[in-house]
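Architecture and fold: a report
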Amino acid sequence: MIVVVVVIVLVVVVVVVVVVIVVVVVVVVVVVVVVVVVVVVVVVVVVVATVTIVVVFVTMELDRASPYACCVVRNCFSLQVRIYVCVRVCV
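Residues numbered from 1 in each chain as written. Predicted model: local features only at pLDDT ≥ 70, side-chain atom pairs only at ≥ 80, totals over all residues. Heavy atoms only, no water.

Brief notes about the overall build of the protein
Going by this rule: Helix and strand definitions follow DSSP, with helices as H or I runs of at least four residues and strands as E runs of at least two, each counted in order from the N terminus. Classification of residues uses two cut-offs on accessible area relative to the type maximum, computed with a 1.4 Å probe and protein chains only: under 20% is buried, over 50% is exposed, and between them is partly exposed.
In terms of helices and strands, the protein carries 3 helices and 0 strands. Moving toward the C terminus, one meets the helices and strands of the protein in the order α-α-α. Relative to its 91 residues, the protein shows a buried fraction of 14%.

In structure tokens, the structure reads:
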């Protein structure tokens with residue numbers, strides 16, 4: 001009888017430990033996935049903003065007085081909270 005109780009307790013302890021390990025692994029995987037997604041989103045936003053600014057500057061070299069070019073550059077810089085650049089762009 002005592003041996004059966006000890007075996008049952010050991011099985012319960014092993015099951016609990018396995019469940020805890022699985023939960024910890026799942027949490028770690030979720031955290032890693034979230035961090036990777038955030039990093040990818042930030043990189044994409046930075047690349048898109050940089051490409052947009054480069055394209056606009058090339059456009060402005062072709063036609064610096066173009067209202068479209070000035071508007072796009074001002075919008076890009078204002079979204080980056082760089083108002084001092086935004087104000088000076090097409091002056």
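Picking up after the structure, the text goes on.
Some thoughts on the confidence of the model for the protein
Interpretation of the predicted coordinates at a detailed level should be avoided for regions scoring low in pLDDT. Cut-off, in case you're wondering: What pLDDT reports is the predictor's confidence in each residue, on a scale of 0 through 100.
Residues at a pLDDT of 70 or more form 65% of the protein, whose mean pLDDT is 79. At the level of individual helices and strands, the protein shows its lowest average pLDDT in helix α3 (residues 83–88), which scores 55, and its highest in helix α1 (residues 2–62), which scores 87.

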